Protein chains: 2
Amino acid sequence: MILDSETKAVELPDDHGTELRLWLRLLTCTTLIEGEVRSRLREKFDVTLPRFDLMAQLDKVSDGMTLSDLSKRMMVSNGNVTGLVERLVESGHLDRRTSETDRRVQFIRLTKLGRAEFRKMAAEHEKWIADIFGDLSPKDIRELMRLLAKAKGSAQRSAKARTA
Amino acid sequence: MILDSETKAVELPDDHGTELRLWLRLLTCTTLIEGEVRSRLREKFDVTLPRFDLMAQLDKVSDGMTLSDLSKRMMVSNGNVTGLVERLVESGHLDRRTSETDRRVQFIRLTKLGRAEFRKMAAEHEKWIADIFGDLSPKDIRELMRLLAKAKGSAQRSAKARTA
DNA sequence: TGCAATTTCTTTAAACTTCAAGCAATTGGC
DNA sequence: GCCAATTGCTTGAAGTTTAAAGAAATTGCA
């Protein structure tokens, strides 16, 4: 243990252990929950998590969304979305329509079937999440929301600085 | 807005919106950081995140680990680890040795090369993480650690209840 | 207008991932 | 000892994911 002149514990100048442990805990937590949600979606609805996530994005809007929008919101690559959408159109959950003003653009929508199935899944999903976080008090949740917002901002700042 | 008899805002009995928003924020945060780490690992070391994660597990021990151990610690499937290890043995980063007491078991170790390369990457990685969380105060970090531990416990409780 | 830059999307290859099935080896109860 | 159950790992199929390259369309600027 290193002590400063007033006999208080201090960190080594380059010790970033606490941040690393925080990151590992964040990752563990997310992986755990994600795995749980993935299992339940497969088990109860025979749907994969990526498909559910994509439909969740589309359910937020009534008039459709482009592939690029989806890609940005889901934080996955463009090509990834292309394949996912293709399979969901194939299964009758989505609907694609080429823009009339820009022929590169495709507007993607949930079909009636897609929206109905998604709503059913989403209702269950919300209950699962509530149960998964069931031990947290409202205050815990507020605090976590606040701190995660701060962490997100910090990460964005760092990412931006690297790319710049 | 719904008010109770003492004119205090209350939630609908089945409104789990706050938990859902918390989950989405947690996921966004993790995805963002994971993507950033992935990019940097590829850019600076031309290594993938799963390979780095696997080596990180092995670096913690001196005498090797079985595939099952790796699978549990990384929270990924058994088959997944089989493939990852195969490629890392191929590239000379890992070393496999069959157990003498149980011929099903393989002990996996970092080779000298593997450990050296990992240590170099890990040092950089730790700095990246410190920068990514750079806007958080020590108190923020402590609080996040605490709340995430609580969330993890809650998720484990929920997962266990489902499987039971 | 002309055309370089940008944007949108698709395609490809390689890697990663899960799940389920299967094989080989060990264990535990009888 | 016998053998059913379990454990450790691999395999195969389907799907997800990224990165990189490319095709098609639009935009913006000289």
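Residues numbered from 1 in each chain as written. Chains lettered and ligands numbered in written order. Predicted model: local features only at pLDDT ≥ 70, side-chain atom pairs only at ≥ 80, totals over all residues. Heavy atoms only, no water.

### Some remarks on the protein's contact with DNA strand D
Turning to step 1, where the next piece is worked out: Taken together, 24 residues lie near DNA strand D, and Thr48(A), Arg87(A), Leu67(B), Ser68(B) and Arg104(B) sit nearest.
Turning to step 2, where the next piece is worked out: When the atoms of DNA strand D within 4 Å of the protein are sorted by group, sugar and phosphate make up 77%.
Turning to step 3, where the next piece is worked out: Within the backbone of Ser77(A), an N or O atom sits 2.9 Å from a phosphate oxygen of DNA strand D.
Turning to step 4, where the next piece is worked out: Here the residues of the surface near DNA strand D are counted per class, giving 6 nonpolar, 10 polar and 8 charged. (Near = heavy atom within 4 Å. Polar contact = N/O pair within 3.5 Å; in protein donor to acceptor, adjacent residues only side chain to side chain. Nonpolar A, V, L, I, M, F, W, Y, C, P; charged D, E, K, R; others polar.)

### Things to note about the protein's contact with DNA strand C
Turning to step 1, where the next piece is worked out: As a structural note, the neighbourhood of DNA strand C is formed by 24 residues, with Leu67(A), Ser68(A), Arg104(A), Thr48(B) and Arg87(B) the closest of them.
Turning to step 2, where the next piece is worked out: Backbone atoms, meaning sugar and phosphate, make up 77% of the atoms of DNA strand C lying within 4 Å of the protein.
Turning to step 3, where the next piece is worked out: Separating a phosphate oxygen of DNA strand C from a side-chain N or O atom of Arg96(A) is a distance of 3.0 Å.
Turning to step 4, where the next piece is worked out: Contacts to DNA strand C include Arg103(B), whose backbone N or O atom sits 3.3 Å from a phosphate oxygen.
Turning to step 5, where the next piece is worked out: Among the secondary structure elements, those contributing two or more residues to the surface near DNA strand C are α3 (67–74) and α4 (78–90) of chain A together with α2 (49–59) and α4 (78–90) of chain B.
Turning to step 6, where the next piece is worked out: By residue number, the principal contributor to the surface near DNA strand C is α4(B), which donates 4 residues.
Turning to step 7, where the next piece is worked out: Residue composition of the surface near DNA strand C, by class: 5 nonpolar, 11 polar and 8 charged. (Helix = DSSP H or I, 4+ residues; strand = E, 2+ residues; numbered from the N terminus.)

### A look at the UniProt feature "domain: HTH marR-type" (unreviewed entry) in chain A
Turning to step 1, where the next piece is worked out: The positions that UniProt labels "domain: HTH marR-type" (unreviewed entry) are, in the present scheme, residues 19–153 of chain A.
Turning to step 2, where the next piece is worked out: With 71% helix and 9% strand, the stretch residues 19–153 of chain A has end C-alpha atoms that lie 15 Å from each other. (UniProt positions renumbered as here; feature names shortened; annotations may be inferred.)

### With respect to the sheet that holds strand β3 (residues 106–110) of chain A
Residue and element names in this part refer to chain A.
Turning to step 1, where the next piece is worked out: Strand order in this open sheet of 3 strands is β1-β3-β2, and the pairing throughout is antiparallel. Two strands lie at the open edges of the sheet, namely β1 (65–66) and β2 (94–98), each paired on one side alone.
Turning to step 2, where the next piece is worked out: Where β1 meets β3, 2 bridges bridge the pair, whose relative direction is antiparallel. Looking at β3, one finds that Met65 is bridged to Ile108.
Turning to step 3, where the next piece is worked out: Seen against the sheet, helix α2 (residues 49–59) touches β1, β2 and β3 and runs at an angle of roughly 100 degrees to β3.
Turning to step 4, where the next piece is worked out: Packed on one face of the sheet, α4 meets β2 and β3 and runs near 115 degrees to β2. (Pairing = 2+ DSSP bridges. Contact = heavy atoms within 4.5 Å. Axes fitted to C-alpha atoms, helices over the stretch in contact; angles between N-to-C directions.)

### Section: the relation of the copies chain A and chain B
Turning to step 1, where the next piece is worked out: Structural alignment of chain A on chain B gives an RMSD of 0.1 Å, achieved by rotating through 180 degrees and translating 0.0 Å along the axis. Read as a symmetry element, the transformation amounts to a two-fold axis.
Turning to step 2, where the next piece is worked out: A share of 100% of the interface residues of chain A reappears at the interface of chain B, consistent with the copies meeting face to face through the same patch. (Least-squares fit on C-alpha atoms with pLDDT ≥ 70 in both.)

### Overview of the packing of aromatic side chains
Any pair of aromatic rings gets described here by the distance separating the centres and the angle formed by the planes.
Turning to step 1, where the next piece is worked out: Under the counting rule described, the total for this entry stands at 4 aromatic pairs over all chains.
Turning to step 2, where the next piece is worked out: Where Phe45(A) meets Trp128(A), the ring centres are 6.1 Å apart and the plane angle is 40 degrees; that geometry is what we call tilted. Taken together, the residues span a long stretch of sequence, with Phe45(A) in helix α1 (residues 17–45) and Trp128(A) in helix α5 (residues 112–132) at a distance of 83 residues.
Turning to step 3, where the next piece is worked out: Judged by its relative accessible area of 28%, Phe45(A) is partly exposed.
Turning to step 4, where the next piece is worked out: Here the aromatic rings of Phe52(B) and Phe118(B) are separated by 5.2 Å at their centres, their planes lie at 40 degrees, and the arrangement is tilted. (Phe/Tyr/Trp six-rings, centres within 6.5 Å; stacked < 30°, edge-to-face > 60°. Buried < 20%, exposed > 50% of the residue type's maximum accessible area, 1.4 Å probe, protein only.)

### Section: the environment of Leu88(A)
Residues and elements named next belong to chain A.
Turning to step 1, where the next piece is worked out: Tracing the sequence through the fold places Leu88 in helix α4.
Turning to step 2, where the next piece is worked out: Note on Leu88: relative accessible area 1%, which makes it buried.
Turning to step 3, where the next piece is worked out: When the C-alpha atoms of Leu88 and Gly114 are compared, they prove to be 8.8 Å apart, with 26 residues separating the residues in sequence.
Turning to step 4, where the next piece is worked out: In this structure Leu88 touches Arg51, Leu54, Met55, His93 and Leu94, once residues within four positions along its chain are discounted.

### As for the nonpolar core
Turning to step 1, where the next piece is worked out: By size, the foremost hydrophobic cluster in this structure holds 83 residues, and its most contacted members are Leu54(A), Leu70(A), Phe133(A), Leu54(B), Leu70(B) and Phe133(B).
Turning to step 2, where the next piece is worked out: Per-element accounting of this core gives the leading share, 10 residues, to α1(A). (Core = buried A, V, L, I, M, F, W, Y, C linked by side-chain atoms within 4.5 Å.)

### Considerations on the interface of chain A and chain B
Turning to step 1, where the next piece is worked out: Opposite the 55 residues of chain A that make contact, chain B presents 55 residues.
Turning to step 2, where the next piece is worked out: Contact between chain A and chain B buries roughly 5900 Å² in total, counting both sides, with carbon and sulfur atoms accounting for 71%.
Turning to step 3, where the next piece is worked out: When residues of chain A are sorted by the area they lose upon contact with chain B, Leu22(A), Trp23(A) and Arg162(A) head the list and together hold 12% of the total.
Turning to step 4, where the next piece is worked out: Where chain A meets chain B, there are 10 salt bridges.
Turning to step 5, where the next piece is worked out: Across the pair Arg157(A) and Asp135(B) runs a salt bridge whose closest N-O atoms are separated by 3.0 Å.
Turning to step 6, where the next piece is worked out: Those elements that provide at least two residues to the side of chain A that touches chain B are α1, α5 and α6 (138–163) of chain A.
Turning to step 7, where the next piece is worked out: Sort the elements by how many residues they give to the side of chain A that touches chain B and α1(A) lands first, with 21 residues. (Buried area = accessible area lost by both parts, 1.4 Å probe. Salt bridge = Lys/Arg side-chain N within 4 Å of Asp/Glu carboxyl O.)

### Notes on the sheet that holds strand β3 (residues 106–110) of chain B
All names here are of chain B.
Turning to step 1, where the next piece is worked out: Spatially, 3 strands are ordered β1-β3-β2 in an open sheet, and the strand pairing comes out antiparallel. Only two strands of the sheet have a single partner each, and these edge strands are β1 (65–66) and β2 (94–98).
Turning to step 2, where the next piece is worked out: In the packing of α2 onto the sheet, the strands contacted are β1, β2 and β3, and the crossing angle to β3 comes to about 100 degrees.

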